[in-house]
Amino acid sequence: MSGFSLLEFIQQIINGLTLGSIYALIAIGYTMVYGIIGMINFAHGEIYMIGAYVGLLVITALGLFGVGNISAILLVTLAISILVTGSYGWTVERLAYRPLRGSPRLVPLISAIGVSIFLQNYVQLGQGARDVSMQPVLTGGWRFGPADGFQVYLSYMQVLIAVVTVAFMTGLTLFIARSRMGRACRACSEDRAMANLLGIDTDRVIALTFVLGATLAAVAGVLVSMYYGLVNPFIGFIAGLKAFTAAVLGGIGSIPGAMLGGVVLGLAESFASAYLQTEYKDVVAFALLILVLLVRPTGLLGRPDVEKV
Amino acid sequence: MNKISRNVLSVAVGAVILGLGGLAHADTIKIAVAGPITGPVAQYGDMQMSGAKMAVEQINAKGGVNGKKLEAVLIDDVCEPKQAVAIANQIVNQKIKYVVGHLCSGSTQPASKLYEEEGILMITPAATNPAITQQGYKMVFRTIGTDDQQGPTAGKYIAGTIKPKKLAIIHDKQQYGEGIAKEVDKTVKAAGITPVLFEGVNKGQTDFSALITKMKKEGVDFVYYGGYHPELGLLLRQSREQGFDAKYMGPEGVGNKDISAIAGPASEGLLVTLPADFSTDPANAALVKAFQDKKQDPTGPFVMPAYAAVQIIADAIKGAKTEDAVKLADYIHKNSFQTPIGKVAFKDNGDLKEFQFVIFTWHADATKTPVK
């Protein structure tokens, strides 16, 4: 190891923020569902995987039709992916959660795992178990630093990931804070039985939560397929695990917490790779989770009264 | 991983049942061909399956073995060690006596223990980890070289020809990838080059940006990667994107056309150690044509070794005039066989007496040329 370099440090922050944005987008799906029904949606990783597949297929199809404009590609891909993935999110809730609303908490958990296994195999049968890859649609970027030394590289794609992530999170935050449905969501999160008594259609709110979570997972999926260009039916498992960690780290049930948790996790992995060994990146990430939970059992931004019935 | 392998299990069990469906004839000699039919490295399984199937067809076309037809039973192990054991049990239960496979070292090793115990003859056309033949087994052979031949071939080339200023060695922490990376490490160290980095990445990892930044900052100009193509493809692509233009080298596990599909132009100039390209051997011209007639690619590194494995089993049954797997293993140890990978004879541990790895330069259009 040669000494510390500020430029390298900046580059590692860029790397970590990019990775963290993706984690954060997926983490929100976990945290929102938990915030409202107090359960973990174990099929969420697979929802993200479907988002990535749809993204990759749409981008490839647009390429065949000769669409080269990057904003057109992004908008069309996001729209189609959100539509398809959102309907999967809605279906998961409809099939695996709603019929089991009154049952013990473990029952919907098992049905969600069932959906997760089903979706993995469903995509595997439909698309093949092999890696599907495509070439990047957006290349290039900015370089900073001495021409003969270490240059910091910020790619257009990384900027795009950050911009899209911030845009969707701002949108979500405004939606939750300002809109009628957002208020209903917050009411359900406070006390679902009471909200129901006061005339809120809680089933609709729960369905909306799943769709919103799936929407953000679709955004993450599209960004991942544009950035890495490689998907297979099993990417949802690891991504889901990491995003779930991010949600717990930030305080499960809290939306800003999920965003913060994702970024912290991305940075932790990046720095562990950079200054320790790449082998230790998961060790550091999970050690951080344990440390945070020891000091703050509700996560970084979790509310202390997270106890749910 | 547990969840994944369980899902895969159900699919694979289905494949086994389908395989069973084909066993209507009682007077055939069944050979299990076990390898990845699905999963991230299924491309290599294709090479193994097409080579083995071609051998079975051609031997049957010439009248089979001692009046009986051969029958290939294709079985999917997805290159998962746990899956491989389940598959091996299936093979035992189906009373199949010969196995061509498995493909990945990580799945071959646990399966080989079962075959040895149950007296099943196993010839792997692809698993190169040295440990597989160091277990003192009598039933286990391979028609491919080993990492302690391949690693030094790569290591000597790096130390002797490339002479990098700063070398990094990366691996995927799997039996195959890490094993070969350690052999390269040992060889270059013996030649006086100490790698500045020796690190493992995760199988299935997609983001390598932090590692690339580190290598870029260290001024690494040559990277050896021990592992398979999905991870290396992304590593290459992200390296070029970050402006890290070190040369890369990898073992035969990275050498298939998907590396070019994933990495695109970034795969140009990648160095790969592969078994010699047996499809260019004039003695194999007719066989190469047979593959081309079926629109199959005879140039993959495991095609001819898989063909050879089936042929050795058939020749041994003819030569020893028995179908008893234990006696056949003994016969194979004592005799030599003329196959598409040359005249082969085996050491006591089941390794080939001779096998040569050659260094190729990989191109962005998924072709390769031998390095002079």
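Structure's up top.
This section reports on the structure supplied with the text.

Procedures and definitions
Residues numbered from 1 in each chain as written. Chains lettered and ligands numbered in written order. Predicted model: local features only at pLDDT ≥ 70, side-chain atom pairs only at ≥ 80, totals over all residues. Heavy atoms only, no water. Axes fitted to C-alpha atoms, helices over the stretch in contact; angles between N-to-C directions. Helix = DSSP H or I, 4+ residues; strand = E, 2+ residues; numbered from the N terminus. Parallel < 35°, antiparallel > 145°, perpendicular 65-115°, else oblique. Left-handed = near helix turned anticlockwise from the far one by under 90°. Contact = heavy atoms within 4.5 Å. Nonpolar A, V, L, I, M, F, W, Y, C, P; charged D, E, K, R; others polar. Pairing = 2+ DSSP bridges. Disulfide = S-S within 2.5 Å. Buried < 20%, exposed > 50% of the residue type's maximum accessible area, 1.4 Å probe, protein only. Patch = residues over 30% accessible without salt bridge, like charges linked within 9 Å, V, L, I, M, F, W, Y side chains within 5 Å. Areas by Shrake-Rupley, 256 points an atom, 1.4 Å probe, with all protein chains shown as cover. Salt bridge = Lys/Arg side-chain N within 4 Å of Asp/Glu carboxyl O. 1 Å grid on protein atoms, 1.4 Å probe; cavity = no way out; pocket = protein on both sides within 12 Å on 5 of 7 lines; lining within 4 Å. Points joined across faces, edges and corners; volume = space filled by probe spheres on them. Buried area = accessible area lost by both parts, 1.4 Å probe. Polar contact = N/O pair within 3.5 Å; in protein donor to acceptor, adjacent residues only side chain to side chain. Right-handed = clockwise from strand over helix to strand, strands pointing away.

Bringing the packing of helix α9 (residues 235–250) of chain A against helix α11 (residues 281–295) of chain A into the picture now. All names here are of chain A. Relative to each other, α9 and α11 sit at 30 degrees, their axes nearing to 10 Å. With respect to α11, the axis of α9 lies roughly parallel. Our pair here, α9 against α11, has a crossing hand that is left-handed. Between α9 and α11, the contacting residues are Lys 242, Thr 245, Val 248 and Leu 249 on the first element and Lys 281, Asp 282, Phe 286, Leu 288, Leu 289, Val 292 and Leu 293 on the second. A per-class count over the contact of α9 with α11 returns seven nonpolar, one polar and three charged.

All names here are of chain B. Read across the sheet, seven strands follow the order β7-β6-β8-β9-β10-β13-β14 without closing on themselves; strand pairing throughout is mixed. Either end of the sheet is taken by a strand with one partner, and the two such strands are β7 (197–200) and β14 (368–370). The average undirected angle you get between the axes of adjacent strands in this sheet is 25 degrees. Pairing between strand β10 (residues 271–275) and strand β13 (residues 357–362): five bridges, direction antiparallel. Following the sheet pairing, Val 272 is matched in β13 by Phe 360. Its contacts with the sheet place helix α6 (residues 175–190) against β6 (167–171), β7 and β8 (222–226), and it is angled at close to 160 degrees to β6.

All names here are of chain B. Applying the stated criterion across every chain, the model contains one disulfide over all chains. Here Cys 79 is linked by a disulfide to Cys 104, with a sulfur-sulfur distance of 1.9 Å. One quick way to see it: the torsion about the S-S bond of Cys 79 and Cys 104 is about 85 degrees, and its sign makes the bridge right-handed. Note that Cys 79 is positioned in the loop between β2 (69–76) and α3 (81–93) and Cys 104 in the loop between β3 (98–101) and α4 (105–118), a separation of 25 residues in sequence. Overall, the relative accessible area of 8% leaves Cys 79 in the buried class.

In this section: the packing of helix α10 (residues 255–275) of chain A against helix α7 (residues 209–218) of chain B. Between α10 of chain A and α7 of chain B, the shortest axis-to-axis distance is 8 Å and the interhelical angle comes to 30 degrees. Seen along the crossing, α10 of chain A lies across α7 of chain B with a hand that is right-handed. For the pair formed by α10 of chain A and α7 of chain B, the contact residues are Ser 270, Ser 273 and Ala 274 of chain A on the first element and Ala 210, Leu 211 and Lys 214 of chain B on the second. A class-by-class count of the residues in the contact of α10 of chain A with α7 of chain B yields three nonpolar, two polar and one charged.

Together, Phe 4, Leu 6, Ile 10 and Tyr 275 of chain A make up a nonpolar patch on the protein surface, roughly 410 Å² of accessible area in all. Take Leu 6 of chain A: its relative accessible area is 57%, and that puts it in the exposed class.

It is worth spelling out the pattern of salt bridges at this point. Per the stated rule, a full pass over the model turns up 18 salt bridges over all chains. For Lys 217 of chain B, the salt bridge goes to Glu 8 of chain A, with nearest N and O atoms at 3.6 Å. Of the two residues, Lys 217 of chain B sits in helix α7 while Glu 8 of chain A sits in helix α1 (residues 6–37), which places them in two different chains. On the basis of relative accessibility, which here comes to 1%, the residue Glu 8 of chain A falls in the buried class. Its salt-bridge partner being Glu 117 of chain B, residue Lys 113 of chain B comes within 2.9 Å of it at the nearest N-O pair. Pair noted here: Lys 113 of chain B and Glu 117 of chain B are both in helix α4, with a separation of four residues, about one helical turn. Exposure remark for Glu 117 of chain B: the relative accessible area of 53% places this residue in the exposed category.

This part takes up the layout of surface pockets. To find leftover empty space, one rolls a probe the size of a water molecule over the atoms. Residue and element names in this part refer to chain B. Reported here for the second largest pocket is a volume of approximately 540 Å³. Lining the second largest pocket we find 23 residues, and of these Gln 43, Met 47, Lys 257, Asp 297 and Gly 300 sit closest to its centre. Residue contributions to the lining of the second largest pocket peak at six residues, all from helix α2 (residues 42–61). Of the residues assigned to the lining of the second largest pocket, the class counts are eight nonpolar, eight polar and seven charged.

Across the boundary between the two partners, chain A contributes 44 residues, which contact 45 residues of chain B. Taken over both partners, the interface formed by chain A and chain B buries close to 3800 Å², and the fraction arising from carbon and sulfur atoms is 51%. At the boundary of chain A and chain B, one finds one salt bridge. One can count 15 residue pairs in polar contact (both at pLDDT 80 or more) joining chain A with chain B. The class makeup of the residues in the side of chain A that touches chain B is 17 nonpolar, 19 polar and eight charged.

All names here are of chain B. Direction of pairing for strand β1 (residues 28–35) relative to β2: parallel, over a ladder of eight bridges. Counted as the bridge partner of Ala 34 is Ile 75 from β2. Considered for its hand, the β-α-β crossover made up of β1, α2 and β2 is right-handed.

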